[in-house]
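Secondary and tertiary structure notes
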Amino acid sequence: MQRIFLKAKLHRVTTTASEVDYEGSCEIDGVLLDAAGIGSFEQIQIYNINNGNRFTTYAIRGKDNSGVISVNGAAAHKADVGDLLIIAAYAQYDEKELKNYAPKLCYVDENNTLIRTDFKIA
């Protein structure tokens, strides 16, 4: 049996851009994507801490160390510049994989610079 669990999250990133006239997706600093193990075009869930909006889109790679978190296309209506977001990716695991399972949790500062990673919630 396959079960869906959190694979990775970027916790409390700050929205740096919100562009309606864009094809879609969420542009994320490449260093953050690599730290979380989230791939370009991978499905992500975004939870807006400021307004409670929750939506699905996909990740696109932004410039490394840019701090960019740009919510684009129709999703731009759900996040304003300055909003705090949780970006989560999920994966399917079988019972054997769950024995060694731990999500990758990434924490940032106010500039979206990675400050630490963990495998459990503190």
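Anything mentioned here points back to the structure above.
Throughout, a residue's number is its position along its own chain's written sequence, starting from 1. At least 70 in pLDDT is required for a residue's local features to be given in this predicted model, at least 80 for side-chain atom pairs to be given and counted, and no such filter applies to totals for whole chains, interfaces and linings, which use all residues. Values shown for side chains rest on all heavy atoms present in the structure; no hydrogens or waters enter the calculation.

**Examining the pattern of salt bridges**
Where side chains of opposite charge bring their charged atoms close, a pairing between them can arise. Salt-bridge detection follows one rule: a side-chain nitrogen of Lys or Arg within 4 Å of a carboxyl oxygen of Asp or Glu. Evaluation of the coordinates by the stated rule reveals 5 salt bridges. Here R61 and D34 are joined by a salt bridge, their closest N and O atoms 2.9 Å apart. Taken together, the residues span a long stretch of sequence, with R61 in strand β5 (residues 54-62) and D34 in helix α1 (residues 30-36) at a distance of 27 residues. Residue R61 is classed as partly exposed on the basis of its relative accessible area, which comes to 38%. Put simply, D34, R61 and D64 are held in one network by salt bridges that share partners. Helix and strand definitions follow DSSP, with helices as H or I runs of at least four residues and strands as E runs of at least two, each counted in order from the N terminus. Think of it in three bands: with a 1.4 Å probe and only protein chains considered, a residue is buried below 20% of the maximum accessible area for its type, exposed above 50%, and partly exposed in between.

**A closer look at the environment of D21**
Residue position: D21 is located in the loop between β2 (17-19) and β3 (25-29). As a C-alpha pair, D21 and A74 span 53 residues in sequence and 8.4 Å in three-dimensional space.

**Details of the packing of aromatic side chains**
For this analysis, a ring pair means two rings from Phe, Tyr or Trp (six-membered ring only for Trp) whose centres lie within 6.5 Å, classed as stacked if their planes differ by under 30 degrees, edge-to-face if by over 60, and tilted for the remaining angles. Counting across every chain of the model gives 4 aromatic pairs. A network of ring pairs unites the aromatic residues F5, Y93 and Y101 as a single cluster.

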